[in-house]
Amino acid sequence: MSKDARLPPGQYSVRDFPVLHVGAIPSFDQERWRFRIFGAVDAPQELSWSQFTALPGKSVKTDIHCVTRWTKFGTTWFGVPFAEIIKLAKPQAAAKFVVTHGANGYSANVPLTVAADDDVLFAYQYEGKPLEAIHGGPMRMFIPKRYFWKSTKWCNGVEFSVEDKPGFWEVRGYSNDADPWKEERYW
Ligand SMILES: Nc1nc2c(c(=O)[nH]1)N[C@H]1C(S)=C(S)[C@@H](COP(=O)(O)O)O[C@H]1N2
Ligand SMILES: [Mo]
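Residues numbered from 1 in each chain as written. Chains lettered and ligands numbered in written order. Predicted model: local features only at pLDDT ≥ 70, side-chain atom pairs only at ≥ 80, totals over all residues. Heavy atoms only, no water.

Caption draft 1: Layout of the sheet that holds strand 7 (residues 107-111). Overall, mixed pairing links the 5 strands, which are arranged 3-2-11-6-7 in an open sheet. Each end of this open sheet is capped by a strand with a single partner; those strands are strand 3 (45-48) and strand 7. Strand-to-strand, the axes of this sheet are offset by a mean angle of 15°, without reference to chain direction. Pairing analysis gives 5 bridges linking strand 6 (residues 97-101) to strand 7, with the strands arranged antiparallel. Paired with Val98 across the two strands is Val110, which belongs to strand 7. (Pairing = 2+ DSSP bridges. Helix = DSSP H or I, 4+ residues; strand = E, 2+ residues; numbered from the N terminus. Axes fitted to C-alpha atoms, helices over the stretch in contact; angles between N-to-C directions.)

Structure follows, in structure tokens:
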């Protein structure tokens, strides 16, 4: 597909990689890092860094779209597919939503069907290198088919939920759905 055809409405393409977040960048202590899987699941658990990075990983190359209108084409990410976390967590049948939690109380919500897409990762490498702290390293959510605020940086937990739980930006007026192709920016 041509780059023009890959540009969602109201977006422009950038060559650099802008950095956007609220709050301070947390420090990473590999020994103390934990990833918490909780909520409406049969197998709640906490993974250490070595347990997390031992899970099957996969690489995804795709475009990313920020609600502030920049799009970056052809970025390559590596991490644990969301499907692997579903296998571990065993969500209950009533669990229809997912909330990813990050540093400083940040969170973002998506329907489980969106998180279960095969390009969704808990990403810890970018362009073949450990994900930089400014971009959410050591690990961030990666949901390329939604505006990038849904991709929680410094991700430390994933919650499965029966009820939808609007996240940090969603309660501040950003769209709950956030599909760049439908230009769902605000609600
Ligand atoms: N923990 C956390 N994750 C976050 C944010 C944040 O403030 N805190 N900002 C979001 C927003 S609004 C965007 S656009 C992207 C930016 O990611 P980048 O800095 O790697 O470009 O991170 C998202 N994830
Ligand atoms: Mo953003």
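Caption draft 2: Inspection of the pairing of strand 4 (residues 58-65) at higher detail. Here 7 bridges tie strand 4 to strand 5 (residues 70-81), and the two strands are oriented antiparallel to one another. Opposite Val60, over in strand 5, you have Trp77 as the bridge partner. Taken together, strand 4 and the strand that follows it, strand 5, pair antiparallel across an intervening segment of 4 residues, in which Arg69 is found at a positive phi of about 95°.

Caption draft 3: Spotlight on the site of ligand 1. Near ligand 1, the surroundings consist of 18 residues, among which Pro18, Val22, His135, Arg140 and Lys153 are the closest. Between ligand 1 and the protein, one listed contact pairs an oxygen atom with a backbone N or O atom of Pro18 at 2.7 Å. Between ligand 1 and the protein, one listed contact pairs an oxygen atom with a backbone N or O atom of Leu20 at 2.9 Å. The protein chains hide 97% of the 540 Å² of surface that ligand 1 would expose on its own. For the shell around ligand 1, the class distribution of residues is 12 nonpolar, 4 polar and 2 charged. (Near = heavy atom within 4 Å. Polar contact = N/O pair within 3.5 Å; in protein donor to acceptor, adjacent residues only side chain to side chain. Areas by Shrake-Rupley, 256 points an atom, 1.4 Å probe, with all protein chains shown as cover. Nonpolar A, V, L, I, M, F, W, Y, C, P; charged D, E, K, R; others polar.)

Geometry only, nothing functional implied.
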